[in-house]
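Chains, contacts and geometry: an overview
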Amino acid sequence: MPELPEVETIRRGLEKYVVGQQIADINILSSKQFFGDPKIVIGAEIIGVRRFGKGLIIDLSNDFSIAIHVKMTGNLFYDAGPVRRSPDAHANKHTRVIFKLKSKNSKSWDSYLYYNDIRKFGWIRVVETKKVMDLPFFKSLGPEPLRDLDLPLFRDILSSTTAPIKSVLMDQHKISGIGNIYANEALFLAKIYPLRLASSLHQGEARRLLGAIEEVLRKSITIGGASMANYVNLFGKKGAYQENFLVYKREGEKCSFCKNLIEKIKIGGRGTFYCPKCQREVS
Ligand SMILES: [Zn+2]
């Protein structure tokens, strides 16, 4: 599933290319994934794109917003060019919604934003802008690294639970934006064993871990996220973070610090990768 850096990469692409355009039409091919009245947004101008955790909010000029969660396999593709392309340039059998956009400044071509989703778990919702944060998904999000998650808050969250630290990092109600990739990477960088109980981390470890979380997220955003499964940006281009994985999906390979072999265990059903020498069970 795309995590904070991947969804942020999509957000930045949308901000750069679709803000200022008008929604000329919407073609909904999968009605089970689209909620709200599409007619409300036709004719409205896109004025901004926000992201909270792994969720996106496209704000419109008519006080409505389009909230999007791409879930496991959703992707947004943008197609525009000086030569007007066919509306199905990026459409395929997994296309669920097509937004036709019109630029105010250009009369020569239209552009299209495609929502493709193989497994159809993602959703798109039209809601009043003032009510968008009341949607259960956004309302239940915990604080977010690089935004409002500071050390005192992080320590409060850790001390209030006895779950394994890795599970806490991935719990969107406790901390938003981190999924399996960045939880594995941050714990390795902070040299913390993934099964350690969250409440057992002392202040120095919490500080180190928060710093590691911020470092891996920042680095990944800089290089366009990680392309596992089918994640690509608005133009179908892959991110590069997967070329820099420290432990994720690297079981049996050498740790870059100590040359010990990386191991894989399961925590909460999710593949967990760590170096048994760098991330000792008892610290
Ligand atoms: Zn190691």
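Throughout what follows, the structure given in this document is the object of discussion.

1. Concerning the overall build of the chain
Helices and strands together make up the secondary structure of the chain, namely six helices and eleven strands. The C-alpha radius of gyration computed for the chain amounts to 20 Å, which stays within 12% of the reference 19 Å derived for 283 residues, consistent with globular compactness. By its C-alpha atoms, the chain is 65 × 35 × 30 Å across when sized along the principal axes. Taken over 283 residues, the chain has a buried fraction of 51%.

2. Re the sheet that holds strand S9 (residues 123-128)
The sheet built from five strands is open, its strands ordered S2-S9-S5-S4-S3 with mixed pairing. Edge positions in the sheet fall to strand S2 (34-35) and strand S3 (46-52), since each has one partner strand and no second. In terms of strand pairing, S3 meets strand S4 (residues 55-60) through six bridges, oriented antiparallel. Across the sheet, residue Gly48 finds its bridge partner in S4, namely Asp59. On the sheet, helix H1 (residues 4-17) packs against S3 and S4 and is oriented at approximately 175° with respect to S3.

3. Things to note about the pattern of salt bridges
Enumeration over the complete set of coordinates arrives at 13 salt bridges. The salt bridge partner of Asp59 is Arg50, with a shortest N-O separation of 2.7 Å. Arg50 sits in the partly exposed class, given a relative accessible area of 29%. The partner of Arg51 in a salt bridge is Glu144, and the shortest N-O contact between them spans 2.7 Å. Here the residue Arg51 occupies a position in strand S3, and Glu144 occupies one in the loop between helix H2 (136-139) and helix H3 (151-159), the gap between them amounting to 93 residues. Of the residues examined, Glu144 reaches a relative accessible area of 3% and is grouped as buried.

4. Brief notes about helix H5 (residues 180-189)
Of all the ten residues making up H5, nine are buried; the element is thus mostly covered by neighbouring parts of the structure. When H5 is considered as a whole, its buried residues turn out to be Asn180, Ile181, Tyr182, Ala183, Asn184, Glu185, Ala186, Leu187 and Phe188. In this structure, the buried side of H5 is in contact with H1, helix H4 (165-170), helix H6 (203-222) and strand S11 (270-274). A positive phi of about 60° marks Lys191, the residue just after H5.

5. Examining the coordination of the zinc ion
On the protein side, the zinc ion has Cys255 (SG), Cys258 (SG), Cys275 (SG) and Cys278 (SG) as donor atoms, found 2.2 to 2.3 Å from it. Here the donor residues of the zinc ion share one chain and are spaced in sequence as C-x2-C-x16-C-x2-C. You can see Cys258 sitting in the loop between H6 and strand S10 (263-267) and its partner Cys278 sitting in the segment after S11, a full 20 residues away along the chain. For Cys258, a relative accessible area of 23% corresponds to the partly exposed category. Looking at Cys278, the relative accessible area reads 13%, which means it is buried.

6. What to know about the sheet that holds strand S8 (residues 110-117)
If you trace the four strands from one edge of the open sheet to the other, you get S1-S7-S8-S6, paired in antiparallel fashion. Of all the strands in the sheet, the pair left with one neighbour each is strand S1 (21-28) and strand S6 (74-80). In this sheet, neighbouring strand axes are inclined to one another by 20° on average, regardless of whether the strands run parallel or antiparallel. In terms of strand pairing, strand S7 (residues 95-103) meets S8 through seven bridges, oriented antiparallel. Opposite Ile98, over in S8, you have Tyr114 as the bridge partner.

7. Regarding the environment of Leu189
Its location among the elements puts Leu189 in helix H5. A relative accessible area of 24% places Leu189 in the partly exposed class. Discounting residues that sit within four places of it in the chain, Leu189 has contacts with Ala212, Glu215, Val216 and Leu246.

Reading the values: rules and limits
Residues numbered from 1 in each chain as written. Predicted model: local features only at pLDDT ≥ 70, side-chain atom pairs only at ≥ 80, totals over all residues. Heavy atoms only, no water. Helix = DSSP H or I, 4+ residues; strand = E, 2+ residues; numbered from the N terminus. Rg over C-alpha atoms; globule rule 2.2 N^0.38 Å. Buried < 20%, exposed > 50% of the residue type's maximum accessible area, 1.4 Å probe, protein only. Pairing = 2+ DSSP bridges. Contact = heavy atoms within 4.5 Å. Axes fitted to C-alpha atoms, helices over the stretch in contact; angles between N-to-C directions. Salt bridge = Lys/Arg side-chain N within 4 Å of Asp/Glu carboxyl O. Donors = N, O, S within 2.8 Å, 3.2 Å for Na, K, Ca; no water.

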